[in-house]
Amino acid sequence: NAGVTQTPKFQVLKTGQSMTLQCAQDMNHEYMSWYRQDPGMGLRLIHYSVGAGITDQGEVPNGYNVSRSTTEDFPLRLLSAAPSQTSVYFCASSPLGAGGVLGELFFGEGSRLTVL
Amino acid sequence: AQSVTQLGSHVSVSEGALVLLRCNYSSSVPPYLFWYVQYPNQGLQLLLKYTSAATLVKGINGFEAEFKKSETSFHLTKPSAHMSDAAEYFCAVSEGFGNEKLTFGTGTRLTIIP
């Protein structure tokens, strides 16, 4: 019973490098999302998806790209890393009820990214 | 646009005392409201959620929250704090109906004093 799996758990990048944070869930959830967590700022939504082929921007999408080709996977791409993207990133998934009501959000363990 | 405001980034209570964590929301439609808890170096876990069925919602670990439309509030309470309640707590709002994204507050760190 894996739930939401994020890789890698830790990553150090140099400014300008690109990378992909992987997220996979095995619960057949329609909704998937990426958040970043920074001290004093809580969790801020980067991108989210309500199903395969559908993505939308959250509060802080600049510098990040996502795609949802399958129900299970929702990778987050950093196009050209900047020190401001140093953060802890969480992937989360949830079933969607009638009317688009979110159920319980299941979180991965987080990916700690440092950009030098 | 939906948003939540958590009053007090840090709250300290004595073991056995009442826990009260404040959350006010802003939403253009009847909201769905959630409280999540985060223990150190972990992801978030759902404590409870309000989806309009009942204004007083009971969650796990003895926590409950009351939805008050007139005050646009969804405060989290627990009658008697336990050392294991020390964690960071996040209030969150979703509107559904085409706006499914979940927006979190900035969090309240709860410290329990022995």
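Residues numbered from 1 in each chain as written. Chains lettered and ligands numbered in written order. Predicted model: local features only at pLDDT ≥ 70, side-chain atom pairs only at ≥ 80, totals over all residues. Heavy atoms only, no water.

Engineer: Even after reading the chapter, I still don't get the interface of chain B and chain A, so can you show me in this structure?
Structural biologist: The extent of an interface is frequently quoted as the accessible surface area lost upon association of the parts. Taken together, the contacts link 22 residues of chain B with 21 residues of chain A. Both sides together, the interface formed by chain B and chain A hides about 1700 Å², and carbon and sulfur atoms give 62% of it. Considering only the side of chain B, the residues that lose the most area to chain A are Glu100, Lys101 and Phe104 of chain B, jointly responsible for 29% of the buried surface there. For the pair chain B and chain A, the number of links is 0 salt bridges. Linking chain B with chain A are 4 residue pairs in polar contact (both at pLDDT 80 or more). Listed by contribution, the elements that provide at least two residues to the side of chain B that touches chain A are strand E4 (32–38), strand E5 (44–50) and strand E9 (87–94) of chain B. It is E4 of chain B that provides the largest number of residues to the side of chain B that touches chain A, a total of 4 residues. (Contact = heavy atoms within 4.5 Å. Buried area = accessible area lost by both parts, 1.4 Å probe. Salt bridge = Lys/Arg side-chain N within 4 Å of Asp/Glu carboxyl O. Polar contact = N/O pair within 3.5 Å; in protein donor to acceptor, adjacent residues only side chain to side chain. Helix = DSSP H or I, 4+ residues; strand = E, 2+ residues; numbered from the N terminus.)

Engineer: Would you mind going over the state of the cysteines with me for this structure?
Structural biologist: In a disulfide, the sulfur atoms of two cysteines are held together by a covalent bond. What the rule picks out here adds up to 2 disulfides over all chains. In this model cysteine 23 of chain A forms its disulfide with cysteine 91 of chain A; the gap between the sulfur atoms is 1.9 Å. When the S-S torsion is -70°, as for the bridge of cysteine 23 of chain A with cysteine 91 of chain A, the disulfide is left-handed. Residue cysteine 23 of chain A is found in strand E3 (residues 19–25), and its partner cysteine 91 of chain A is found in strand E9 (residues 87–94); the two are separated by 68 residues along the sequence. Each member of the pair, cysteine 23 of chain A as well as cysteine 91 of chain A, carries the same accessibility label: buried. Here cysteine 23 of chain B pairs with cysteine 91 of chain B through a disulfide, and the sulfurs are 2.0 Å apart. Between cysteine 23 of chain B and cysteine 91 of chain B the disulfide shows an S-S torsion of about -65°. By sign, it is left-handed. Here cysteine 23 of chain B, found in strand E3 (residues 19–26), pairs with cysteine 91 of chain B, found in strand E9; they are 68 residues apart in sequence, far enough to count as distant. Cysteine 91 of chain B carries the same exposure label as cysteine 23 of chain B, and that label is buried. (Disulfide = S-S within 2.5 Å. Buried < 20%, exposed > 50% of the residue type's maximum accessible area, 1.4 Å probe, protein only.)

Engineer: Where do I start with the packing of aromatic side chains in this structure?
Structural biologist: Aromatic rings in a pair are described by how distant their centres are and how their planes are angled relative to each other. The tally for this structure, following the rule as stated, stands at 14 aromatic pairs over all chains. Measuring from ring centre to ring centre gives 6.2 Å for tyrosine 50 of chain B and phenylalanine 74 of chain B, while their planes differ by 50°; the resulting arrangement is tilted. Placement of the pair is tyrosine 50 of chain B in strand E5 and phenylalanine 74 of chain B in strand E8 (residues 73–78), with a sequence separation of 24 residues. With a relative accessible area of 8%, tyrosine 50 of chain B lands in the buried category. Here phenylalanine 74 of chain B falls in the buried class, since its relative accessible area comes to 0%. Taken together through their ring pairs, the aromatic side chains of Tyr35, Phe90 and Phe107 of chain A together with Phe34, Tyr36, Phe90 and Phe104 of chain B make up a single cluster. (Phe/Tyr/Trp six-rings, centres within 6.5 Å; stacked < 30°, edge-to-face > 60°.)

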